[in-house]
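Descriptive analysis of the structure
Given next are the chains, with one letter for each unit.
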Protein chains: 2
Amino acid sequence: MEKLKKILLPEKDIPENWYNIQADMPNPTLPSLHPGTKQPIGPQDLAPLFPMELIKQEVSKERWIGIPEEVRDIYKIWRPSPLFRAYEFEKLLDTPAKIYYKYEGVSPAGSHKPNTAVPQAYYNMKEGVKRLTTETGAGQWGSALSFACNLFGIDLEVYMVKVSYDQKPYRKFMMNIWGAKVFSSPSDKTESGRKILAEDPNSPGSLGIAISEAVERAVTAGNTKYALGSVLNHVLMHQTVIGLETIKQFELVDDFPDIVIGCFGGGSNFAGISFPFLGLNFREGKNVRCIAAEPSSCPKLTKGQFRYDFGDTAGFTPLMPMYTLGHTFIPESIHAGGLRYHGAGVLVSQLLKDNLIEAQDFHQLECFDAGIKFARTEGIIPAPESTHAIACVIKEALKAKEEGTHKTILFNLSGHGFFDMSAYDAYLSGKLVEHHLTEKELHADLKKLNTPVIP
Amino acid sequence: MEKLKKILLPEKDIPENWYNIQADMPNPTLPSLHPGTKQPIGPQDLAPLFPMELIKQEVSKERWIGIPEEVRDIYKIWRPSPLFRAYEFEKLLDTPAKIYYKYEGVSPAGSHKPNTAVPQAYYNMKEGVKRLTTETGAGQWGSALSFACNLFGIDLEVYMVKVSYDQKPYRKFMMNIWGAKVFSSPSDKTESGRKILAEDPNSPGSLGIAISEAVERAVTAGNTKYALGSVLNHVLMHQTVIGLETIKQFELVDDFPDIVIGCFGGGSNFAGISFPFLGLNFREGKNVRCIAAEPSSCPKLTKGQFRYDFGDTAGFTPLMPMYTLGHTFIPESIHAGGLRYHGAGVLVSQLLKDNLIEAQDFHQLECFDAGIKFARTEGIIPAPESTHAIACVIKEALKAKEEGTHKTILFNLSGHGFFDMSAYDAYLSGKLVEHHLTEKELHADLKKLNTPVIP
């Protein structure tokens, strides 16, 4: 048999269901709380922001949730995505480990984000929503939702953090191509934006401010809802098409991973690749190690605390039980913009609390070095976010070599780096400096929280 | 049967041979001439620049040239590339025509260029060459060759036109990631560069100057050869993997194209998609119309003359029998940088002369409009070069509608537009202005040629 580089599936093998890990995890998640009453929130609290179908998915305990045919039809543009065997990267590392990567950069927006953007836009369309709002930092999520809204005829307003809007215009142009309106945040479109601008006309903005603006618009404008690209249960569930396909692809080559690795921001690409394998751990007694690779500059999983906290800087969202560094924590301006988030999704947090997944943190320079090594062997230039997973793969592959074990390692290559060339240039020309935060600095914002640590 | 969006082939269906159209075309090409002696050039004239295997391919009349296993192994990173059916684009055009596109943007460098960069680097490596030089404009070719040289351990020097080097740094960074050295041209590395800089220290450079520098370095530095990304016979032949795969993919869905369309710069992506179909025309009596879509600002096929001319501005290359606007013709700064070339490859020129292919020209604004329509229906954002093919598809699809005929149209989507966001922004914000050149302006440089028109 010829040695396969890419393991492909036909379109009919696009999953017919998303996998809902809430059906199988040993301990259910704790409820999210209303910030005012401190009582568990119900569907009615979320209804102003999300269509009812997504709210149902958010709390469902059903194991399999059907993927609508209209969504599967759009998935066909890039799904099933290829699973690659990293022969050349293995050679470079001189490791006995077999390394595979699932490549999500083949989507039109260049990352895994459209996996959830498409169903979110679809359910909003089905419920008659005419406009969506969202926030975006560097622009991965904003461009994915622009792509999706355009296909379903939904208007989209994206509030993009001013500093990114000014410094990284290419993602903005991409959103414009798909017809989205992109506003520099803080903007004069909302009361929260105007308030900030009145205090500081030169405010650089923040993700927290952008969320406030997007939420305010969704609540005050007619026939408008809000969409989020990570953290929430339904978002993580939509991403499970990644892992479900991968399980089938391993069957084709009669292999199976010992270790599954994903980079970690809010949890969506990590959940996408790992939850289906965790499901096999829970239901079939498999023993796959799932490792979340997070940046050392924003290490909520390895250095944060498990406690109730807000999802946004301003404190508008429900209080969620999650690993957090405090909702006022502002991470360093690392180039992996998609990982600069203070907290972890509730599902992933519960799994980590229960020791069912692992987490490791990696410094930026080590990650870019890993990314370059990968690009020079496998050819594909990874997104800075994805290089965190690659750094973790190197660590585990070298450990396997040291121990003389024959591990099979899988990671999710969540996106390409075509929009991150200046980050690579900064690395290659020696301009990237590493800031090592002390534990005191990392925990400063946790001290400001008035919620107890969950035991 | 489920409606297929993507028609995929397994890796074993990567072609085992390239198709050499020289075996089948009714009239052979005229010889290229030595610029000094005006005598037909022989292998010895090309030996300082190219490895012998490529020189053999350049003049071979064998129909099938075997693709080395090492090259096929690297092709597996992105080949066979997908063939898509453009259902949504068809709906938008409300046409009875079926539209298919072969997508070459899946390669690590983002275009079809690695199809020839990989074998060129391979044959140089086999013959012990340690360093290659090349020129690049906007950077598509330079990045493809960087990708390929890195995999075979060959050092690469890229001479990048200064105005692009300064204004479009992202392709340069991409080349650096794969380890290439990129110099702003004119540079102080070569005598030709230093001469230009002495006359004008602020020279913006040109492709002609960059070619001179790359050729000079190849000839004067030890163990160094030169590589070209289009125009030459062997380059066009390497691209035929595109069309060969497509023929197999059509068999899978029991369809066959009436019309095949590719955008046109020097001829490489057009040849890649069309030559295998022309081969079926010649050998099996098929009747596929093959249309080259070129920019109205650089219309050598539709408005140029068939005569002997140089391949470079400075006049260092052999004299080639080709459709040309004159080697001193400097096209407008349109955003489709890959199509800004004064001449057409010899093979394509002979085919056009013999009325075996067609050519149409398209204005920039029409092309961007076509690109936006495509991105908003099919999702993929096309390179500005590829939008010329899309504009041609729209024209032919609407003609089919008018005539009430059921045509099957295929085009080559030669690359993605992720590095061309500012071009799209210029279009969407109304900043692109169309210059319509008069026939007098288009023919001004032809008047300077002292070679006769070939009857």
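A quick note: this is a predicted structure, and the numbers were derived from the prediction, not measured.

All names here are of chain B. One open sheet holds the seven strands; their spatial order is E1-E4-E5-E15-E10-E11-E14, and the pairing between them is mixed. Two strands close off the open sheet at either side, each with one partner strand: strand E1 (6–7) and strand E14 (358–362). Here E1 runs beside strand E4 (residues 83–85); their pairing, made up of two bridges, is antiparallel. Looking at the pairing, Lys 6 lines up with Phe 84 of E4. In this fold helix H13 (residues 268–284) packs onto strand E5 (98–103), strand E10 (259–263), strand E11 (289–295) and strand E15 (408–413), with an angle of close to 160° to the strand it touches most, E10. Helix-sheet contacts for helix H16 (residues 364–378) involve E4, E5, E14 and E15, and the interaxial angle to E14 is about 95°.

All right, on to the packing of helix H2 (residues 52–59) of chain B against helix H5 (residues 114–126) of chain B then. Packed helix pairs are specified by the crossing angle of their axes together with the interaxial distance, meaning the distance between the axes. Residue and element names in this part refer to chain B. Where H2 contacts H5, the axes come no closer than 8 Å and their chain directions differ by 130°. Between H2 and H5, the interaxial angle falls into the category oblique. Facing H2, whose interface residues are Glu 53, Leu 54 and Gln 57, H5 presents Gln 120, Tyr 123 and Asn 124. Tallied by class, residues from the contact of H2 with H5 come to two nonpolar, three polar and one charged.

With that out of the way, let us pick up helix H18 (residues 421–428) of chain B. Judged by how many residues are buried, H18 of chain B sits mostly within the fold: six of eight residues are covered. Buried within H18 of chain B are the following residues: Met 421, Ala 423, Tyr 424, Asp 425, Ala 426 and Tyr 427 of chain B. Against helix H8 (169–177) of chain A together with H16 and helix H17 (386–403) of chain B lie the buried residues of H18 of chain B. Immediately downstream of H18 of chain B, the backbone of Gly 430 of chain B shows phi near 75°, a positive value.

Residues and elements named next belong to chain A. By secondary structure assignment, the location of Asp 255 is in the loop between helix H12 (241–252) and strand E10 (259–263). The exposure class of Asp 255 is buried, given its relative accessible area of 14%. A polar contact is formed between the side chain of Asp 255 and the side chain of Tyr 100, at a distance of 2.8 Å. Residues contacting Asp 255, with those up to four places away along its chain left out, are Lys 98, Tyr 100, Phe 250 and Thr 408.

Moving on to empty space enclosed by the protein. In total, this model carries four cavities of 30 Å³ or more according to the counting rule given. Computed from the structure, the largest cavity encloses a volume of approximately 540 Å³. Forming the boundary of the largest cavity are 33 residues, of which Pro 82, Tyr 103 and Val 106 of chain A together with Pro 82 and Val 106 of chain B lie nearest the centre. Class assignment for the residues of the lining of the largest cavity results in 25 nonpolar, six polar and two charged.

Residue and element names in this part refer to chain A. Assignment of secondary structure puts Ser 187 in the loop between strand E8 (181–185) and helix H9 (191–199). Given the relative accessible area of 5%, Ser 187 is considered buried. A polar contact is formed between the side chain of Ser 187 and the backbone nitrogen of Lys 189, at a distance of 3.0 Å. Looking at Ser 187, its side chain comes within polar contact range of the side chain of Glu 213, at 2.8 Å. The residues touching Ser 187, leaving out its near neighbours within four places in the chain, are Tyr 159, Gly 193, Arg 194, Leu 197 and Glu 213.

Below, the discussion takes up the nonpolar core. Core analysis: the largest hydrophobic core is formed by 138 residues, its most contacted members being Trp 18 of chain A together with Trp 18 and Phe 275 of chain B. Of all hydrophobic cores here, the second largest spans 38 residues; its members include Leu 278, Leu 280, Ala 344 and Leu 347 of chain A.

This part covers unusual backbone geometry. Note that the residue after Ser 185 of chain A, namely Pro 186 of chain A, is joined by a cis bond; omega there is 10°. Position of Pro 186 of chain A among the secondary structure elements: in the loop between E8 and H9. Positive phi outside glycine occurs at Val 231 of chain B, with the angle close to 70°. Mapping Val 231 of chain B onto the fold places it in the loop between strand E9 (224–226) and helix H11 (233–238). A positive phi is found at Asp 254 of chain B, a non-glycine position, where the angle reads about 55°.

This part covers the interface of chain B and chain A. On the chain A side, the residues contacting the 44 residues of chain B number 44 residues. For the pair chain B and chain A, the two sides together bury roughly 3800 Å², of which 61% comes from carbon and sulfur. It is Ile 177, Arg 376 and Phe 418 of chain B that lose the most area in chain B upon contact with chain A, and together they represent 18% of the buried surface on that side. In this structure, the connection of chain B to chain A is made through two salt bridges. When the shortest N-O distance is used, the salt bridge between Glu 11 of chain A and Lys 6 of chain B registers 3.4 Å. Those elements that provide at least two residues to the side of chain B that touches chain A are helix H3 (69–75), helix H6 (140–151), helix H8 (169–177), H16 and H18 of chain B. Of the residues contributing to the side of chain B that touches chain A, the split by class is 24 nonpolar, seven polar and 13 charged.

Attention now moves to the relation of the copies chain B and chain A. Superposition of chain B onto chain A requires a rotation of 180° combined with a translation of 0.0 Å along the rotation axis, giving an RMSD of 0.0 Å. Taken together, the rotation angle and the small translation identify this as a two-fold axis. Most of the interface of chain B is mirrored in chain A, where 100% of its interface residues again form contacts.

This part is about the packing of aromatic side chains. Evaluation of the coordinates by the stated rule reveals 46 aromatic pairs over all chains. Ring geometry for Phe 368 of chain B versus Tyr 427 of chain B: centroids 5.7 Å apart, planes at 15°, classification stacked. Note that Phe 368 of chain B is positioned in helix H16 and Tyr 427 of chain B in helix H18, a separation of 59 residues in sequence. Here Phe 368 of chain B matches Tyr 427 of chain B in class, with each residue buried. If you follow Arg 85 of chain A out to its NZ or CZ, it ends over the ring of Tyr 100 of chain A, 5.6 Å from the centre.

Another point: the pattern of salt bridges. If you walk through the whole model with that rule in mind, you get 50 salt bridges over all chains. Between Lys 91 of chain B and Glu 88 of chain B there is a salt bridge, with its nearest N and O atoms 3.1 Å apart. One end of the pair is Lys 91 of chain B and the other is Glu 88 of chain B, both in helix H4 (residues 87–93) and three residues apart, which spans about a single turn. Judged by relative accessible area, Lys 91 of chain B falls into the exposed class, the value being 57%. Residue classification places Glu 88 of chain B among the partly exposed positions, given a relative accessible area of 35%. For Lys 401 of chain B, the salt bridge is made with Asp 94 of chain B, and the minimal N-O distance between the two is 3.5 Å. Of the two residues, Lys 401 of chain B sits in helix H17 while Asp 94 of chain B sits in the loop between H4 and E5, which places them 307 residues apart along the sequence. A relative accessible area of 39% means that Lys 401 of chain B is categorised as partly exposed. Taken together, the shared-partner salt bridges in this structure form one network comprising Arg 79, Lys 102, Glu 104 and Glu 245 of chain A.

Here is what the cut-offs are and how they apply
Residues numbered from 1 in each chain as written. Chains lettered and ligands numbered in written order. Predicted model: local features only at pLDDT ≥ 70, side-chain atom pairs only at ≥ 80, totals over all residues. Heavy atoms only, no water. Pairing = 2+ DSSP bridges. Helix = DSSP H or I, 4+ residues; strand = E, 2+ residues; numbered from the N terminus. Contact = heavy atoms within 4.5 Å. Axes fitted to C-alpha atoms, helices over the stretch in contact; angles between N-to-C directions. Parallel < 35°, antiparallel > 145°, perpendicular 65-115°, else oblique. Nonpolar A, V, L, I, M, F, W, Y, C, P; charged D, E, K, R; others polar. Buried < 20%, exposed > 50% of the residue type's maximum accessible area, 1.4 Å probe, protein only. Polar contact = N/O pair within 3.5 Å; in protein donor to acceptor, adjacent residues only side chain to side chain. 1 Å grid on protein atoms, 1.4 Å probe; cavity = no way out; pocket = protein on both sides within 12 Å on 5 of 7 lines; lining within 4 Å. Points joined across faces, edges and corners; volume = space filled by probe spheres on them. Core = buried A, V, L, I, M, F, W, Y, C linked by side-chain atoms within 4.5 Å. Buried area = accessible area lost by both parts, 1.4 Å probe. Salt bridge = Lys/Arg side-chain N within 4 Å of Asp/Glu carboxyl O. Least-squares fit on C-alpha atoms with pLDDT ≥ 70 in both. Phe/Tyr/Trp six-rings, centres within 6.5 Å; stacked < 30°, edge-to-face > 60°. Lys NZ or Arg CZ within 6 Å of the ring centre and 35° of its normal.

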